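Listed below are the residues making up each chain.
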Amino acid sequence: MMRHRPAALNSYSKLYSSPTDVDAPSAVEEEDAFEGDDDAIIQIKPSAMARLVELKSKRDADPKSTVDPSSPLILRMGVRNGGCSGLSYVMDFSTADEIEEEDEIDNYEKEGIQCVVDAKSLLYLYGLELDFSDELIGGGFKFFNPNAEESCGCGSSFGV
């Protein structure tokens with residue numbers, strides 16, 4: 001017996017097609033687009049940098065934004081007490097006025113991104129890899145911390 005599939009279901013299946021149906025950039029193309037800095041405090045992976053550049057583009061295109069489009073997108077990263085494993089990651093946008101003298105700054109001039117880490121968090125975050133996933137479940141920024149002795153299942157907290 002052959003069943004007819006309604007047209008609405010055909011368009012639904014196109015939304016959720018398999019990854020092989022999509023012309024995604026290859027890993028080689030993605031690596032060519034951005035090369036991380038080996039001396040950086042936080043190692044930003046190409047997919048995370050692409051997402052940060054996208055967020056900067058949205059900020060710069062927003063007519064309500066009061067930020068100069070030529071100014072970098074400043075990403076402040078740190079840690080705070082809390083979370084399942086004792087410490088949790090903090091990641092937020094910042095302004096040049098909020099950068100303090102003792103902060104460490106990684107500049108990515110070509111991309112228009114700055115990554116700022118406060119002195120206290122530096123001990124915990126040095127060598128951290130920041131990645132990004134656009135998976136439907138569990139997507140978003142991902143933290144891979146070589147300093148963590150334990151981490152929770154969600155990946156947003158860790159212990160040392």
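Residues numbered from 1 in each chain as written. Predicted model: local features only at pLDDT ≥ 70, side-chain atom pairs only at ≥ 80, totals over all residues. Heavy atoms only, no water.

S.K.: Is there a simple way to think about the layout of surface pockets in this case?
M.R.: Over the atoms, a rolling probe the size of a water molecule traces out where space has been left empty. Space inside the second largest pocket adds up to approximately 200 Å³. Forming the walls of the second largest pocket are L55, R59, V67, S71, P72, L73, I74, F93, S94, T95 and A96. Breaking the lining of the second largest pocket down by element, the ones donating at least two residues are α3 (46–61), β2 (73–81) and β3 (87–94). Residues of the lining of the second largest pocket, tallied by class, amount to seven nonpolar, three polar and one charged. (1 Å grid on protein atoms, 1.4 Å probe; cavity = no way out; pocket = protein on both sides within 12 Å on 5 of 7 lines; lining within 4 Å. Points joined across faces, edges and corners; volume = space filled by probe spheres on them. Helix = DSSP H or I, 4+ residues; strand = E, 2+ residues; numbered from the N terminus. Nonpolar A, V, L, I, M, F, W, Y, C, P; charged D, E, K, R; others polar.)

S.K.: Explain the sheet that holds strand β6 (residues 129–133) here, please?
M.R.: Sheet strands associate in pairs through backbone hydrogen bonding, adopting either a parallel or an antiparallel arrangement. In space, the three strands of this open sheet follow the order β1-β6-β7, with mixed pairing throughout. Edge strands, defined here as strands with exactly one partner in the open sheet, are β1 (43–44) and β7 (140–144). Across five bridges, the pairing between β6 and β7 is antiparallel. Bridge pairing in β7 places F132 opposite F141. With respect to the sheet, α3 is in contact with β1, β6 and β7, its orientation differing from that of β6 by roughly 70 degrees. (Pairing = 2+ DSSP bridges. Contact = heavy atoms within 4.5 Å. Axes fitted to C-alpha atoms, helices over the stretch in contact; angles between N-to-C directions.)

S.K.: What is the right way to read the packing of aromatic side chains from this model?
M.R.: On inspection of all chains with the given rule, the structure shows two aromatic pairs. Centroid distance Y89 to F143: 4.3 Å. Interplanar angle 10 degrees. Geometry classified as stacked. Here F143 lies in strand β7 and Y89 lies in strand β3, a separation of 54 residues in the sequence. On the basis of relative accessibility, which here comes to 18%, the residue F143 falls in the buried class. Here F132 and F141 contribute two aromatic rings whose centre-to-centre distance is 5.0 Å and whose plane-to-plane angle is 65 degrees, an arrangement assigned as edge-to-face. (Phe/Tyr/Trp six-rings, centres within 6.5 Å; stacked < 30°, edge-to-face > 60°. Buried < 20%, exposed > 50% of the residue type's maximum accessible area, 1.4 Å probe, protein only.)

S.K.: It is not clear to me how the nonpolar core should be interpreted in this structure. Could you clarify?
M.R.: Nonpolar side chains in soluble globular proteins tend to be buried together. Membership of the largest hydrophobic core comes to 20 residues, with the highest contact counts inside it found for I42, I44, M77, Y108, L125, L128 and L130. Contributing elements (two or more residues each) for this core: α3, β2 and β5 (113–117). The greatest single-element share of this core, amounting to four residues, is contributed by β2. (Core = buried A, V, L, I, M, F, W, Y, C linked by side-chain atoms within 4.5 Å.)

S.K.: Teacher, can you tell me more about the pairing of β2 here?
M.R.: The pairing of β2 with β5 spans five bridges and is classified as parallel. Bridging from a neighbouring strand, L75 pairs with C115 of β5. When β2 meets β3, the two strands line up antiparallel, connected through eight bridges. Across the sheet, residue R80 finds its bridge partner in β3, namely S88.

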